[in-house]
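Coordinate inspection notes
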Amino acid sequence: MSNAPLMPKATAVWLVDNTALTFDQVADFTKMHPLEVRAIADGDAAQGIKGMDPISTGQLSRDEIEKGEKDPNYRLRLGESKVTLPPAAKKKGPRYTPVSRRHERPSAILWLVRNHPELKDAQIMRLVGTTKTTIASVRDRTHWNASTLTPMDPVTLGLCSQIELDFEVQRAAKEKPVTTTYGGATLLPASETTRKEPELEPTEKQRDDLNVDAVFAKLKTIGGKKPDEE
């Protein structure tokens, strides 16, 4: 039997609302972090989750709770649960898809290829229970029914669960190399914006041209004087 109660978060909600146990005691019993239990008490977590009474399921007794309320260092002991869960059977081989659902696999493959291109063929095969040849034909649009295929969520079709899909997507995201994206233009440093351009020294030809222009300007000034001004 597992050393954690059924629905640990719902059990923690009930214990926080109905007992005087400390956060550490609740966290130890439900195998949660004390900060998460504190967040439940503050209303920051587990909002909308209905508390589950562990006494009604036989996982905890009233005497056990009273012992914990009297002694903050006491750790609650999980009782024998009245609910018996069947052992999870290990899956071997490729995923089995019912005959009634097999014609929907190409639509699910098309949905996965379009919405999660990072998924590998092996991951799609695990999710949908198909073959690499079928995946390639859907991806290359060479499938015999390619013209009428419409992408459909495999979770909606019942070919896989949302947890399985999320797991494969997260796994593919971790294996995919991170690409550097363009972050936009940046401002120039102050050393660049405040730097003064060096003033260029005039060449010898430019100095001669300036002297000639000055002489002509002076001659025009002298020649333009009136007789009474001379």
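Residues numbered from 1 in each chain as written. Predicted model: local features only at pLDDT ≥ 70, side-chain atom pairs only at ≥ 80, totals over all residues. Heavy atoms only, no water.

The chain is annotated in an unreviewed UniProt entry as Cytoplasmic protein of Bradyrhizobium canariense.

Let us look at the overall build of the chain. Of regular secondary structure, the chain possesses 12 helices and 0 strands. Ordered by position from the N terminus, the helices and strands of the chain form the series α-α-α-α-α-α-α-α-α-α-α-α. When burial is assessed residue by residue, the chain has 27% of its 230 residues classed as buried. Within the chain, residue pairs in contact and separated by at least 24 positions form 63% of the contacts whose partners lie at least 6 positions apart. Element-wise, carbon and sulfur atoms account for 55% of the exposed surface of the chain, whose accessible area totals about 16,900 Å². (Helix = DSSP H or I, 4+ residues; strand = E, 2+ residues; numbered from the N terminus. Buried < 20%, exposed > 50% of the residue type's maximum accessible area, 1.4 Å probe, protein only. Contact = heavy atoms within 4.5 Å. Areas by Shrake-Rupley, 256 points an atom, 1.4 Å probe, with all protein chains shown as cover.)

Ranked by internal contacts, the top residues of the largest apolar core, which has 19 residues, are Ile-109, Leu-112, Leu-119, Ile-124, Leu-127, Val-128 and Leu-165. Contributions of two or more residues to this core are made by α6 (105-115), α7 (121-128), α8 (132-139) and α10 (162-175). When residues of this core are assigned to their parent elements, the largest contribution, 6 residues, is made by α6. Among the nonpolar cores identified, the runner-up in size contains 16 residues, and Leu-15, Leu-21, Val-26 and Ile-40 belong to it. (Core = buried A, V, L, I, M, F, W, Y, C linked by side-chain atoms within 4.5 Å.)

Let's shift gears to the pattern of salt bridges. Between side chains of opposite charge, pairing is possible as soon as their charged atoms come close. Summed over the entire model, instances satisfying the criterion amount to 3 salt bridges. Among the salt bridges present, the one from Lys-9 reaches Glu-36, with a minimum N-O distance of 3.4 Å. Of the two residues, Lys-9 is situated in helix α1 (residues 8-18) and Glu-36 in helix α3 (residues 34-42); the sequence distance between them amounts to 27 residues. Asp-121 is the salt-bridge partner of Arg-139, the closest N and O atoms lying 3.2 Å from each other. A residue pair is termed long-range when its members are at least 10 positions apart, and Arg-139 in helix α8 and Asp-121 in helix α7 qualify at 18 residues. Relative accessible area serves as the criterion here: at 21%, Asp-121 is assigned to the partly exposed category. (Salt bridge = Lys/Arg side-chain N within 4 Å of Asp/Glu carboxyl O.)

Relative to the helices and strands, Ser-137 resides in helix α8. The buried category is assigned to Ser-137, whose relative accessible area is 14%.

On to α6. Where burial is concerned, most of α6 is hidden: 9 out of the 11 residues are buried. Every buried residue belonging to α6 is among Arg-105, Pro-106, Ser-107, Ala-108, Ile-109, Leu-110, Trp-111, Leu-112 and Val-113, and all of these are buried.

Another point: the packing of helix α2 (residues 23-30) against α3. Relative to each other, α2 and α3 sit at 115°, their axes nearing to 8 Å. The pairing of α2 with α3 is recorded here as roughly perpendicular in orientation. Helix-helix and strand crossings are classified by hand; for α2 and α3 the assignment is right-handed. Each of Phe-23, Asp-24, Val-26 and Ala-27 in α2 lies in contact with α3, whose residues at this interface are Pro-34, Val-37, Arg-38 and Ala-41. Looking at the contact of α2 with α3, its residues break down into 6 nonpolar, no polar and 2 charged. (Axes fitted to C-alpha atoms, helices over the stretch in contact; angles between N-to-C directions. Parallel < 35°, antiparallel > 145°, perpendicular 65-115°, else oblique. Left-handed = near helix turned anticlockwise from the far one by under 90°. Nonpolar A, V, L, I, M, F, W, Y, C, P; charged D, E, K, R; others polar.)

A few words on the side chain of Glu-168. Among the secondary structure elements, Glu-168 is positioned in helix α10. Note on Glu-168: relative accessible area 5%, which makes it buried. A polar contact is formed between the side chain of Glu-168 and the side chain of Arg-126, at a distance of 3.1 Å. Those residues in contact with Glu-168 that lie beyond four places of it in its chain are Leu-119, Gln-123, Arg-126 and Leu-127. (Polar contact = N/O pair within 3.5 Å; in protein donor to acceptor, adjacent residues only side chain to side chain.)

Let us now look at the environment of Leu-15. Along the chain, Leu-15 turns up in helix α1. Overall, Leu-15 belongs to the buried group, its relative accessible area being 0%. Separated by 26 residues in the primary sequence, Leu-15 and Ala-41 have C-alpha atoms spaced 9.9 Å apart.

Another aspect to go through is unusual backbone geometry. Positive phi values are uncommon outside glycine, yet Lys-31 reaches one of about 60°. Looking at the secondary structure, you find Lys-31 in the loop between α2 and α3. In this structure, Arg-141 is a non-glycine residue whose phi angle is positive, near 60°. Tracing the chain through its elements places Arg-141 in the loop between α8 and α9 (154-157).

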